[in-house]
Amino acid sequence: MKKTILLSLVVTSLVTGANTVNNLTLQQKNEITTTSTIDSSEVHQGINLILGASDVDNVTIKQDGTNNGNLIENSDIIGTEIVIQGGVQISNSSVNELQLTSENRIKNVELLNSEVYQGVFIIDDSNTTDTNADQTEVKSINIIEQSTADTAIDINATEIRQSVIQLTTGAKTDNLEIQHLNKITEFSVEDGAVYQGILNVDDSEVDTLYVSDEDGAYNKNTVNNSIMEGGSILQSSIDISNQAIVQTLRSKSTNNIDGVILISSEISQSETTIN
Amino acid sequence: MKKTIAISLIASALLFASNSDVNSLTIDYTNNINNESSVEDSKVHQGKTNIKGSIVENVTLKKSTNGNTISGVDIEGSTVEQARFIITDANASSSTADGISIESDNTITNGIIKDGSTVRQTYTEIKGGSTVQGLTLKTINEIKELDSDASDINKSTVDQGILIVEGESTVVDFKQDATNTLEDTDAYDANLTQNSIIVKGGSTITSFKNGDTGGTSISNTMSNVSATNGAKVTQNTNTFDNAEINGLTSTQSNTITNVDVDQNVITQGNIEITGSEIKDFDVKFTNEIKNLTIIGEGSTEQGILIVTDSNATGSSDADVFEIEATNKLLDTDSVSGSSIVQSKTSIIGSEGGHSIVTDLKLKHTNTIESSTADGAIDNNLSKATISQAETIITNSTVNSLEQDFTNDVKQVEISDSSLSQGYTTITSSDVDDLKISQINTVDNSSIKEDSTVTQGKTNIEGD
């Protein structure tokens, strides 16, 4: 009976400094619904960060499907510095076998003086590897829409970025496959900017990079049934710069602007820069 | 009346000399202190049992009719104890599982508790290297219908259902059912504790069933509480410090209605494990706070698990080391600087320390909402920090952790505040097989004035 339970029982496996995670599965459903206003605030939905010398193996992040995804619905977003849906950042770390699927939806929402990001994937100063045959996969569906077609909802002085992929500052990846479906529909945009499918490889190395999809369901950028005045639309931008090394890059994209009235606005589709 | 409550009222108190040997003992009791009495600067003990330096088998303490009752008595600057059970340096055992059985009903009604009084109902201590085998407690602790004064319990301490095991003691087969009630009672600036379990000092409990004797579960209720000036209000806190627990099941229902909090913390369902070994845990909490007003830097905590420098392990049974919590806040107003925490899990290694957690399952449902269904915003949270389902793993090893979280915020106005739903942080640790499933919802609410809403965030970060 005279036992003393000391710390010695639990000091057997001391890990100092190292941070390792094996077999990580995340299923996330994040919703803001029927909210009167999101005013001068920030919203972050489904944000996953791997930072600071972490070693992560076999990661599945699922933000789509019946019980998952990021949704803001029937709300007004006013003067909101940042709204992010579905973001992954890998910084100064090592990741093996990553599967990310996200569905990000903003529905029946007026946007005023705000900044919106959907489907953000950033690797900097990190290694991502894929030891199996299937590539590291980043899939995102990003939609800004409204349910009734008769009235356009206002997007005013707001920047929208859908599918933002950045490899920067010494990032290395051996096999990376990116699929995205970006859609904005039934909106009246004034003094705003829309970016869909943005890939930036800056001071980084990529062995094989696919920005495409075999079944055609993904990698589409669409703006339709909308009015834009004093704004800009950029669809499918690839920017490889600052001594980046890309061995193989295959990009296949479909960019649609359909039923859109443009007034004093600028459009760019499939813009590639190698610098 | 100065100490006129005679020793004869302590009829059931037993005090054994050293090395006594009792094989079978049954005591039925009824203790009453009723109207026209008053207790001032005094001590009152009803149903106090003290086993010291002895060997005891088969003890039954049982209420005859009403148990311990104090009715219509003003308690001022005094200590009142009902059903206090102390085992010191003794060996109390039974060949049958229910051999040592203590049943007590403890009631205080129609009085006032004030000015530094201490009231203890069912206060059990096992210490001094004692060994207890087959202990069953069934208690009903009630303090209700006190004087209509606005501060019926004032600047005093009330403990209901306290268990302390310390001094390298050992308990095997411990079962407890308790109903702890503070009802129709205005408590002001008082420390109120219901169902606190403390195991420390190298003590061990094997087969510990808290709320599972076949009767009702642990039920803790309070109403009309005003907690100010650092007063503490807690329901079901479990503290294991340098302890060993082998097999714990616990089912509790914690409810607080009409509560004001100012400069202090209200806690429901808290498990704190430090420097201990824990095996096979199965805990279920239902925590509810209704009609809550937080003033100043007040806080509420519901469903907290803190593992520090400890080894906590489930077995191959899928049901063990599982914590299931339902946390509700209804109709809440916060003026400024408040903190609201629902379901926070911390697995921590201190500097030079380390925790190991294996086969842990967490299933938490957290709700902040209105009690009415009319859709109106009935919760106003300003300058508040609101957290639902936060997990922190640091300097630790975790093998197989499953988290299933549902977080709801409805009919809430949030201004100049932060709301976090489902936030997991892993630093300087080794984690294998982590599954997080979470549904985070903000519905029918207003978010404004530099607020931040974060839903579903994971941060894996090394040094």
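Residues numbered from 1 in each chain as written. Chains lettered and ligands numbered in written order. Predicted model: local features only at pLDDT ≥ 70, side-chain atom pairs only at ≥ 80, totals over all residues. Heavy atoms only, no water.

A. Representation of a nonpolar patch on the surface. Taken together, A:I227, A:I261 and A:I263 make up a surface patch of nonpolar side chains, about 240 Å² in accessible area. Turning to its location among the elements, A:I263 is positioned in strand β22 (residues 261-263). (Patch = residues over 30% accessible without salt bridge, like charges linked within 9 Å, V, L, I, M, F, W, Y side chains within 5 Å. Areas by Shrake-Rupley, 256 points an atom, 1.4 Å probe, with all protein chains shown as cover. Salt bridge = Lys/Arg side-chain N within 4 Å of Asp/Glu carboxyl O. Helix = DSSP H or I, 4+ residues; strand = E, 2+ residues; numbered from the N terminus.)

B. Structural view of the interface of chain B and chain A. Facing the 62 residues of chain B at the interface are 53 residues of chain A. Interface area, chain B with chain A, both sides summed: about 4,500 Å², of which 45% is carbon and sulfur. In this assembly, chain B and chain A are joined by 0 salt bridges. Connecting chain B to chain A are 53 residue pairs in polar contact (both at pLDDT 80 or more). Looking at the side of chain B that touches chain A, the elements with two or more residues in it are β19 (191-210), β21 (233-262), β31 (396-410), β33 (418-427), β34 (430-443), β35 (446-448) and β36 (452-461) of chain B. With 14 residues, β34(B) is the single largest residue contributor to the side of chain B that touches chain A. Tallied by class, residues from the side of chain B that touches chain A come to 11 nonpolar, 36 polar and 15 charged. (Contact = heavy atoms within 4.5 Å. Buried area = accessible area lost by both parts, 1.4 Å probe. Polar contact = N/O pair within 3.5 Å; in protein donor to acceptor, adjacent residues only side chain to side chain. Nonpolar A, V, L, I, M, F, W, Y, C, P; charged D, E, K, R; others polar.)

C. Inspection of empty space enclosed by the protein at higher detail. Per the stated rule, a full pass over the model turns up 3 cavities of 30 Å³ or more. Taken as a whole, the largest cavity encloses approximately 60 Å³ of empty space. Taken together, 12 residues make up the lining of the largest cavity; nearest its centre are B:G47, B:T49, B:L61, B:A83 and B:I102. At the level of secondary structure, the elements contributing two or more residues to the lining of the largest cavity comprise β5 (43-52), β7 (59-71), β9 (79-88) and β11 (100-109) of chain B. Considering only residue class, the lining of the largest cavity consists of 5 nonpolar, 5 polar and 2 charged. There is about 50 Å³ of room inside the second largest cavity. What lines the second largest cavity is simply A:I184, A:V189, A:V194, A:V223, A:S226, A:I227, A:M228 and A:V260. (1 Å grid on protein atoms, 1.4 Å probe; cavity = no way out; pocket = protein on both sides within 12 Å on 5 of 7 lines; lining within 4 Å. Points joined across faces, edges and corners; volume = space filled by probe spheres on them.)

D. Examining the confidence of the model for chain B more closely. All names here are of chain B. Looking at chain B as a whole, the pLDDT averages 85, with 90% of positions reaching at least 70. Of the regions scoring below 50 in pLDDT, residues 1-18 engages in 40 contacts with residues more than four places distant in sequence or in other chains. Among the prediction metrics, the complex's ipTM stands at 0.86, with pTM recorded as 0.89. (pLDDT = per-residue confidence, 0-100.)

E. Summary view of the packing of aromatic side chains. All names here are of chain B. Per the stated rule, a full pass over the model turns up 2 aromatic pairs over all chains. Ring geometry for F240 against F281: centres 6.2 Å apart, planes inclined by 85 degrees, an arrangement best described as edge-to-face. Of this pair, F240 sits in strand β21 while F281 is found in strand β23 (residues 277-295), placing the two residues 41 residues apart along the sequence. Comparing F240 with F281 shows no difference in burial state: the two are buried. One residue, R120, lies across the ring of Y123, its end atom 4.3 Å from the ring centre. (Phe/Tyr/Trp six-rings, centres within 6.5 Å; stacked < 30°, edge-to-face > 60°. Buried < 20%, exposed > 50% of the residue type's maximum accessible area, 1.4 Å probe, protein only. Lys NZ or Arg CZ within 6 Å of the ring centre and 35° of its normal.)

F. Spotlight on the environment of B:S382. All names here are of chain B. Along the chain, S382 turns up in strand β29 (residues 379-382). Each C-alpha atom of the pair S382 and D408 lies 18 Å from the other, and the pair is 26 residues apart in sequence. Setting aside residues no more than four positions away along its own chain, S382 makes contact with S334, V335, S336, G337, S415 and S417.

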